[in-house]
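# Close look at the chain arrangement
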Amino acid sequence: MKRDGHTHTEYCPHGKVEDTEQLIQQAIRLGFKEYSITEHAPLPKGIEKFAAGDPEVWKTASMALNDVDNYFKRMNSLRKKYASDMIIHIGFELDYFSEFEDWTREFLAEYGPQTDDGILSVHFLDGQDGLRGIDYSFEEYKTGVVDYLGSFEYAQKRYYQKVLASLDADLGPFKPTRLGHISLCQKFEQFFDEPTDYSSENTTLVHTLLTCVQQEKYSLDLNTAGFYKQGYQQTYPQVWITKKAIELCIPFVYGSDTHSLADVGQGYERITQYL
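Model, not experiment: these values are computed from the prediction.

## A closer look at the overall build of the chain
Looking only at helices and strands, the chain features 8 helices and 9 strands. If one aligns the C-alpha atoms of the chain with their principal axes, the spans along those axes are about 55 × 40 × 35 Å. Classification of the 275 residues of the chain by burial places 57% in the buried group. With an accessible surface of roughly 11900 Å², the chain has 47% of that area assigned to carbon and sulfur atoms. Here the chain contributes 27 positively and 42 negatively charged side chains, and the mean placements of these two sets differ by 5 Å.

Given below as structure tokens:
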């Protein structure tokens, strides 16, 4: 079945979706039979104590906590309306914060029973003055994380360590079991004037992560949004990681990472050989 496992809605402050119903209708026209709505889960209460860098990173990162009930009400109504056309799943793209595992576990305990799919992602790393966004802009990532840590290679290492920590974290029975865009730290790689490939140490770290994904029976987001990022222009994850995951029989789920009507189905035909 043609499936999109990673999409967003009008509840995403950094997206351009006017109405999720339009996305669903377009997905149906494109032949999708299964569609996961995975809006960015609210950031933890108290995150402002750790938040650093451009305030817009944090203002636009996720849906508001007071929108969650309306989110489920609206998405469930769409699932019912289009039930004869496609299977619609509802859940979250959940950010992992080691400082807020307890909050995240409680959030999932409350809202997880209403979900039937989800993605676990890392969008923030420890950097200058606190947590910094890694995919908001090149300048934010370079000055707030890479320069602060000393090199792109070390930022890459910290990213994969955090993804591995997210996999190991005890977030309760409703924890998502699919990791999102696991090479997001490479999004601006072409803009750096230092090496951005994987050192032997970081390659080993990626292999360790994939082995753990296999052991935990998780799946991976094969995210095509990267094709359309000027500083990257490939899938998340890159082909060499994808091929290693296939060797380990780790399942992939196509993700358009749709944030606008124009994104629906983007890049699908370019990655079908991996699904």
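So that's the structure; there's more coming.
## What about the UniProt feature "domain: PHP" (unreviewed entry) in the chain?
Per the UniProt entry, the sites bearing "domain: PHP" (unreviewed entry) are residues 4-225 in this numbering. Annotation note: span residues 4-225, helix share 39%, strand share 18%, distance between end C-alpha atoms 12 Å.

## Digging into the packing of aromatic side chains
What the rule picks out here adds up to 27 aromatic pairs. An angle of 80° between the planes, with centres 5.4 Å apart, marks the rings of Phe50 and Phe100 as edge-to-face. Separated by 50 residues along the polypeptide, Phe50 in the loop between β2 (34-40) and α2 (55-59) and Phe100 in the loop between β3 (87-95) and α4 (101-111) bring together distant segments of the chain. A cation sits over an aromatic face here: Arg270 above Phe227, 3.7 Å from the ring centre.

## Notes on α4
Structurally, the α-helix is built with 3.6 residues per turn, so residues lying three or four positions apart point the same way. Turning to α4, its buried residues are Trp103, Thr104, Phe107, Leu108 and Tyr111. Buried residues of α4 fall within an arc of 130° about the axis and therefore sit on the same side. Structural note: α4 exposes Glu106 and Glu110 on the side pointing more than 90 degrees away from its buried face.

## A look at the environment of Gly46
Structurally, Gly46 can be placed in the loop between β2 and α2. For Gly46, a relative accessible area of 17% gives the class buried. For the pair formed by Gly46 and Asp170, sequence separation is 124 residues and the distance between their alpha carbons is 20 Å.

## With respect to the environment of Phe100
Overall, Phe100 belongs to the buried group, its relative accessible area being 8%. Once the C-alpha coordinates of Phe100 and Gly127 are considered, the two residues, 27 residues apart in sequence, prove to be 17 Å apart. Ignoring sequence-local partners within four residues, the contact set of Phe100 consists of Pro44, Lys45, Gly46, Ile47 and Phe50.

## Let's talk about the packing of helix α7 (residues 200-216) against helix α8 (residues 239-247)
Where α7 meets α8, the closest approach of the two axes is 10 Å, and the angle between their N-to-C directions is 40°. Taken together, the axes of α7 and α8 are oblique relative to one another. Considering the relative orientation of α7 and α8, their crossing is right-handed. Contacts from Thr203, Val206, His207 and Leu210 of α7 reach α8 at Trp240, Ile241, Lys244 and Ala245. Class assignment of the residues belonging to the contact of α7 with α8 gives a composition of 5 nonpolar, 2 polar and 1 charged.

## Remarks on the nonpolar core
Tyr141 and Leu179 are the most contacted members of the largest nonpolar core, which has 82 residues in total. Among the elements that take part in this core, helix α6 (residues 152-168) stands out by supplying 7 residues, more than any other. Other than its neighbours up to four places away in sequence, Leu179 contacts Ile119, Leu120, Val163, Ser166, Leu167, Leu209, Val213, Tyr218, Ser219, Leu220 and Asp221.

Definitions and limits used
- Residues numbered from 1 in each chain as written.
- Predicted model: local features only at pLDDT ≥ 70, side-chain atom pairs only at ≥ 80, totals over all residues.
- Heavy atoms only, no water.
- Helix = DSSP H or I, 4+ residues; strand = E, 2+ residues; numbered from the N terminus.
- Buried < 20%, exposed > 50% of the residue type's maximum accessible area, 1.4 Å probe, protein only.
- Areas by Shrake-Rupley, 256 points an atom, 1.4 Å probe, with all protein chains shown as cover.
- Lys, Arg positive; Asp, Glu negative; His and termini not counted.
- Charge placed at Lys NZ, Arg CZ, Asp CG, Glu CD.
- UniProt positions renumbered as here; feature names shortened; annotations may be inferred.
- Phe/Tyr/Trp six-rings, centres within 6.5 Å; stacked < 30°, edge-to-face > 60°.
- Lys NZ or Arg CZ within 6 Å of the ring centre and 35° of its normal.
- Arc of directions from axis to C-beta.
- Contact = heavy atoms within 4.5 Å.
- Axes fitted to C-alpha atoms, helices over the stretch in contact; angles between N-to-C directions.
- Parallel < 35°, antiparallel > 145°, perpendicular 65-115°, else oblique.
- Left-handed = near helix turned anticlockwise from the far one by under 90°.
- Nonpolar A, V, L, I, M, F, W, Y, C, P; charged D, E, K, R; others polar.
- Core = buried A, V, L, I, M, F, W, Y, C linked by side-chain atoms within 4.5 Å.

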